[in-house]
Amino acid sequence: MNRTQWAAIAAVVLALLFAGAATVASAGRDDGAGGPRTPSAGSPDAGFARDMALHHQQAVEMSFIVRDGTDDEDVRRLAYDIANTQANQRGMLLGWLDLWKLPKVESGAEPMAWMPMDLRMGAGHAMFKPHDGALMEGMATTTELERLRKARGKAAEVLYLQLMTDHHKGGVMMARGCVDLCAAGTERDLAQGMVTAQESEIRLMADLLKERGAKPRA
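Each value, and the rule that gives it
Residues numbered from 1 in each chain as written. Predicted model: local features only at pLDDT ≥ 70, side-chain atom pairs only at ≥ 80, totals over all residues. Heavy atoms only, no water. Phe/Tyr/Trp six-rings, centres within 6.5 Å; stacked < 30°, edge-to-face > 60°. Helix = DSSP H or I, 4+ residues; strand = E, 2+ residues; numbered from the N terminus. Buried < 20%, exposed > 50% of the residue type's maximum accessible area, 1.4 Å probe, protein only. Salt bridge = Lys/Arg side-chain N within 4 Å of Asp/Glu carboxyl O. Core = buried A, V, L, I, M, F, W, Y, C linked by side-chain atoms within 4.5 Å. Contact = heavy atoms within 4.5 Å.

Caption draft 1: Structural context of the packing of aromatic side chains. Under the counting rule described, the total for this entry stands at two aromatic pairs. Consider the rings of Phe48 and Trp114, whose centres lie 5.8 Å apart with planes at 80 degrees: the pair is edge-to-face. Remark: Trp114 occurs in the loop between α3 (73-99) and α4 (117-121) and Phe48 occurs in helix α2 (residues 44-69); sequence separation between them is 66 residues. Among the residues examined, Phe48 registers a relative accessible area of 0% and is labelled buried. Judged by relative accessible area, Trp114 falls into the buried class, the value being 11%. With 6.4 Å between their ring centres and 20 degrees between their planes, Trp96 and Trp100 make a pair best called stacked. According to the relative accessible area criterion, Trp96 is buried, its value standing at 1%.

Structure, rendered in structure tokens:
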């Protein structure tokens, strides 16, 4: 992996973190007419915040797992960047829910219920159904996480890159849903930043997989 590619990724990540830090305190202040805007518990804004916080939590977990399973500096650096970025974003999302005085878990609501079917299914994709601990699009199953914990060296690197590519694809789909559905403001801006950053990391992970004689899963 050359320095130019890493610099491009770092620039996107840093821009996203600084933008989030600068705007988190103002979330929910403006309804477009100068008054306060507080989303309802069932709104896309609240649903995205809850679901993406949980989605990010698993990305952080997988990134720490692979750092224990390999000494490869490229993969360890990527895992650190993903863990750091998504932990910070998760804090922002949960902070907004606190600011809005909304629950972090909505009783009885299915994950991603805030997204209409057409946005969730995309271009001919099958409807995702929770299974084996995977609650949302792109999430690794309990079985896959256990495989990652046991893997070492190149096997750990390849599995992590494949699982995280799937994870990012699911995250991008969810973030695009917020861009389409969330009210204009800081959360929607953060969602657009997630799309940009994670699509860039997906391309980087494809390169890292190719270097290891592997490719993303179908």
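Moving on from the model shown.
Caption draft 2: Inspection of the pattern of salt bridges at higher detail. A complete count under the given rule lists 11 salt bridges for this structure. In this structure, Asp166 engages Arg217 in a salt bridge whose closest nitrogen and oxygen atoms are separated by 2.6 Å. Residue Asp166 is located in helix α6 (residues 153-181), and its partner Arg217 is located in the segment after α7 (186-211); the two are separated by 51 residues in the primary sequence. With a relative accessible area of 16%, Asp166 lands in the buried category. Of the charged contacts, one joins Glu199 and Arg176 as a salt bridge, the two residues approaching to 2.2 Å between their closest N and O atoms. Here Glu199 is found in helix α7, whereas its partner Arg176 is found in helix α6, with 23 residues between them in sequence.

Caption draft 3: Structural context of the nonpolar core. Core analysis: the biggest nonpolar cluster contains 53 residues, and Phe48, Met62, Leu93, Tyr160 and Leu161 have the highest contact counts within it. Of all the secondary structure elements, the ones that give two or more residues to this core are α2, α3, α5 (142-150), α6 and α7. Of the residues forming this core, the biggest block, 12 residues, is contributed by α6. Apart from the residues within four sequence positions on either side, Phe48 is in contact with Ala53, Leu93, Trp114, Met174, Ala175, Cys178, Cys182, Glu187, Ala191 and Met194.

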